[in-house]
Structures are given as structure tokens and as C-alpha cells.
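Observations on the three-dimensional arrangement
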Amino acid sequence: MAIERTFSIIKPDATKRNLTGAINDRFEKAGLRIVAQKRIQMTEAQAKKFYEVHAARPFYGELVSFMISGPVVVQVLEGEGAVLKNREIMGATNPADAADGTIRKDFAESIEANSVHGSDSLENAAIEIAYFFAGSEIVG
Ligand code: IDP
Ligand code: MG
């Protein structure tokens, strides 16, 4: 498999509980390299645009409020098959369905406050990375 880059967010529920390092440890132990990272307070406009694909879903408004309820850590992860690998490390959206040893199984509070975001395709990864990072901020 090829070396890929994927986009990751450590969500407000996790930054609030001081889990940034514990989550990053999962990525690094699985062979993903953090090639860009910054802690930011997302604006409402940024969160709305980022989750625009879910605009018609009943949870959209609450999701946007949650994502701006505290700081997040946005990241670029690089490695062999990084997009799929990160989805595996994260686990299922609902922590109740997530496999043992995944980030969401071990850390998520609920289906909404589920600790991490990860791109679902290589195409979306490129779009999401460009939304938060300049090329010069990514150092492989
Ligand atoms: P994903 O993060 O596993 O890719 P998506 O279906 O893309 O899951 O949903 C985006 C985010 O929206 C989820 O990570 C979660 O925070 C939130 N979310 C998804 N489904 C629900 C729901 O049924 N209720 C509340 N929040 C949800
Ligand atoms: Mg998704």
C-alpha cells in the first residue's frame, strides 16, 4: 500500500480531559507519523463548513456546537494506507459499537462526543488537510 496522508481532529471532549498525548500515542504506536499539528479554537463558520455534508442530519446543529465547545487539535497523519489505518485505530462512530482497543472504545463519551475525527477517503483527506493547513506547515 502507498504512503498516504489523512486528516485527524482530536475533538473537544478529548482535549478537555487532557487526552491529546494518549491519543497521539495510539497513532504513533500504530506507525502513523504526526507530520502537522496545531491546537485551535474552531469558529462556528469553520465547523459548519467542515461538517456541511451532514447539514441535513438532525444532529448537525448540536455537532457544530460541540465542535466549538472547546479547543481541538487538528493534525495530518502520514503512513502506509493512513486513511484506512486511522479509521481502524479510531473505531466505529458510536463507541458502543467500537472494537476493543480502539480510541473511541477506550475514550469516547457518546456517539457525538467521540474524541476523534478521521477522513473517510483519500480524496476527502486532501480537501480537509487543505482546509486547515498551508503546505508549509506540513513537514514529513
Ligand atoms: P465518523 O466521524 O465516524 O466519520 P460521521 O457519520 O461522518 O461519523 O459523523 C460525523 C460526526 O457526527 C461523528 O463523528 C459524531 O461526532 C457525529 N454524529 C454522527 N452520528 C451522530 C448521531 O446519530 N447523533 C449525534 N452525533 C452524531
Ligand atoms: Mg465522517
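The structure contained in this document is the topic of the report that follows. For clarity, every value in this text was computed on a predicted model and none was experimentally measured. (Residues numbered from 1 in each chain as written. Chains lettered and ligands numbered in written order. Predicted model: local features only at pLDDT ≥ 70, side-chain atom pairs only at ≥ 80, totals over all residues. Heavy atoms only, no water.)

Some details on the pairing of strand S1 (residues 3-10)
- Among the eight residues that make up S1, six are buried, leaving the element largely enclosed by the rest of the structure.
- In terms of strand pairing, S1 meets strand S3 (residues 72-80) through eight bridges, oriented antiparallel. Counted as the bridge partner of Ile10 is Val73 from S3.
- Bridging between S1 and strand S4 (residues 116-118) involves three bridges; their strand directions are antiparallel. Across the sheet, residue Ile10 finds its bridge partner in S4, namely Val116. (Buried < 20%, exposed > 50% of the residue type's maximum accessible area, 1.4 Å probe, protein only. Helix = DSSP H or I, 4+ residues; strand = E, 2+ residues; numbered from the N terminus. Pairing = 2+ DSSP bridges.)

Considerations on the site of ligand 1
- Around ligand 1 sit Lys11, Tyr51, His54, Phe59, Leu63, Arg87, Thr93, Arg104, Ile111, Glu112 and Asn114, and that is every residue in its neighbourhood.
- Here an oxygen atom of ligand 1 sits 2.9 Å away from a polar atom, N or O, in the side chain of Lys11.
- Thr93 is positioned with one of its side-chain polar atoms (N or O) 2.5 Å from an oxygen atom of ligand 1.
- For ligand 1, whose unbound accessible area comes to 530 Å², protein coverage reaches 80%.
- Residue composition of the shell around ligand 1, by class: four nonpolar, three polar and four charged. (Near = heavy atom within 4 Å. Polar contact = N/O pair within 3.5 Å; in protein donor to acceptor, adjacent residues only side chain to side chain. Areas by Shrake-Rupley, 256 points an atom, 1.4 Å probe, with all protein chains shown as cover. Nonpolar A, V, L, I, M, F, W, Y, C, P; charged D, E, K, R; others polar.)

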